Amino acid sequence: MTAAATTPKGERRRTALAEAAAELLAEGGFDAVRHRAVAERAGLPLASTTYYFDSLEDLVTTAVEHHSRIELAAGRRRLEEMATRNRGVQATIELALDMLLGPATGDPETDAEAVLLRYERLVATGRRKYLRPIMRTLSEQFKELLMETFTRSGTPVTDAELEKLVALVDGAVVNALIEVDPDPRAAVARMLRTALTENAGVS
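Structure report, in brief. (Residues numbered from 1 in each chain as written. Predicted model: local features only at pLDDT ≥ 70, side-chain atom pairs only at ≥ 80, totals over all residues. Heavy atoms only, no water.)

Our focus in this paragraph is the overall build of the protein. Assigned secondary structure in the protein consists of nine helices and zero strands. Secondary structure elements of the protein occur, N-terminal to C-terminal, as α-α-α-α-α-α-α-α-α. In terms of principal-axis extent, the alpha carbons of the protein reach across some 60 × 35 × 30 Å. Counting only residues that meet the buried cut, the protein has 42% of its 203 residues in that class. In the protein, once contacts between residues fewer than 6 apart in sequence are set aside, the share between residues at least 24 apart is 65%. (Helix = DSSP H or I, 4+ residues; strand = E, 2+ residues; numbered from the N terminus. Buried < 20%, exposed > 50% of the residue type's maximum accessible area, 1.4 Å probe, protein only. Contact = heavy atoms within 4.5 Å.)

So this is what it looks like as structure tokens:
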């Protein structure tokens, strides 16, 4: 963070740029996060992106972190709602899918495109070594939230079981995308339900 971002005005502008970058990242992946595009989305001068961020890598890193923090906060809110309402398997599946695939919109076509963009972004993240530190931190926090989700739902899992469930979701998504499944989210939900009900010993 530059010294300019430590003033109230600087913090507001930097936050606006981070929000804009995160939106562009979610909509179009890493290629969409460019100085000009971010400045235009935030409604700020082009020079502001280099004024408040040391480099494009710094801007992209901030976008990844900002987007992930929003998802973590949303997942936490959903978990608290679930804790006071339905803690059944279906509610758990829906929340887990929101965390792993992004929130559902109710439109299968829109959801399928969002899943595709999400996995394209995840694969592209691996090619950017500068993102590895923040991704390790964020991944651990997502893991903790998922563990708590399953525990509160009455279907607690071990670290090894969670790893298998996430791998199951990833495999189901990739398979659905390869087969051009119009609703990969539904395919993943079916597989995840089978795995969870087997673990819980319910039908």
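Evaluation of the coordinates by the stated rule reveals twelve salt bridges. Between Arg41 and Glu27 there is a salt bridge; the shortest N-O distance is 2.9 Å. Highlighted residues: Arg41 in helix α2 (residues 35-42) and Glu27 in helix α1 (residues 8-28), separated in sequence by 14 residues. Across the pair Glu148 and Arg152 runs a salt bridge, and its minimum N-O distance is 2.6 Å. With Glu148 and Arg152 both in helix α7 (residues 132-152) and four residues apart, this pair spans about one turn of that helix. Since its relative accessible area comes to 25%, Arg152 is described here as partly exposed. (Salt bridge = Lys/Arg side-chain N within 4 Å of Asp/Glu carboxyl O.)

Another aspect to go through is the nonpolar core. A general tendency of soluble globular proteins is for nonpolar side chains to be buried together. Core analysis: the largest hydrophobic core is formed by 50 residues, its most contacted members being Val33, Val38, Val64, Leu101, Val169 and Leu192. Elements with a minimum of two residues in this core: α1, α4 (56-84), α5 (89-101), α6 (108-125), α7, α8 (159-178) and α9 (184-200). Sort the elements by how many residues they give to this core and α5 lands first, with nine residues. If we skip the residues at most four places from it in the chain, Leu101 touches Val115, Arg118, Tyr119, Val169, Val173, Arg185 and Val188. (Core = buried A, V, L, I, M, F, W, Y, C linked by side-chain atoms within 4.5 Å.)

With that settled, consider the packing of aromatic side chains. This structure, assessed with the given rule, holds one aromatic pair. When the centroid spacing of 5.0 Å and the interplanar angle of 85° are considered together, the rings of Tyr51 and Tyr52 count as edge-to-face. With a relative accessible area of 5%, Tyr52 lands in the buried category. The ring of Phe30 carries the charged tip of Arg128 above its face, separated from the ring centre by 4.3 Å. (Phe/Tyr/Trp six-rings, centres within 6.5 Å; stacked < 30°, edge-to-face > 60°. Lys NZ or Arg CZ within 6 Å of the ring centre and 35° of its normal.)

Time to look at the environment of Asp181. Looking at where Asp181 falls in the secondary structure, it is placed in the loop between α8 and α9. A residue is classified by how much of its surface remains accessible, and Asp181, at 24% relative accessible area, is partly exposed. Separated by 79 residues in sequence, Asp181 and Gly102 have C-alpha atoms that sit 17 Å apart. Those residues in contact with Asp181 that lie beyond four places of it in its chain are Ala176 and Ala187. Here Asp183 takes part through its backbone nitrogen, which lies 2.7 Å from a polar atom of the side chain of Asp181. (Polar contact = N/O pair within 3.5 Å; in protein donor to acceptor, adjacent residues only side chain to side chain.)

The contact between α5 and α7 brings their axes to 10 Å, and the two run at 175°. Judged on the interaxial angle alone, α7 and α5 are roughly antiparallel. Across from Thr92, Leu95, Ala96, Met99 and Leu100 in α5, the residues of α7 making contact are Phe142, Leu145, Leu146, Thr149 and Phe150. In the contact of α5 with α7, the residues fall into eight nonpolar, two polar and no charged. (Axes fitted to C-alpha atoms, helices over the stretch in contact; angles between N-to-C directions. Parallel < 35°, antiparallel > 145°, perpendicular 65-115°, else oblique. Nonpolar A, V, L, I, M, F, W, Y, C, P; charged D, E, K, R; others polar.)

Bringing the side chain of Thr155 into the picture now. Relative to the assigned elements, Thr155 resides in the loop between α7 and α8. A relative accessible area of 8% places Thr155 in the buried class. Polar contacts involving the side chain of Thr155 include one to the side chain of Ser153, which spans 2.7 Å.

Turning our attention to α5. For α5, which comprises 13 residues, the first-to-last C-alpha distance of 17 Å matches the rise-based estimate of 18 Å (1.5 Å per residue) to within 8%. Of all 13 residues in α5, eleven are buried; the element is thus mostly enclosed. (Expected span 1.5 Å × (residues − 1).)

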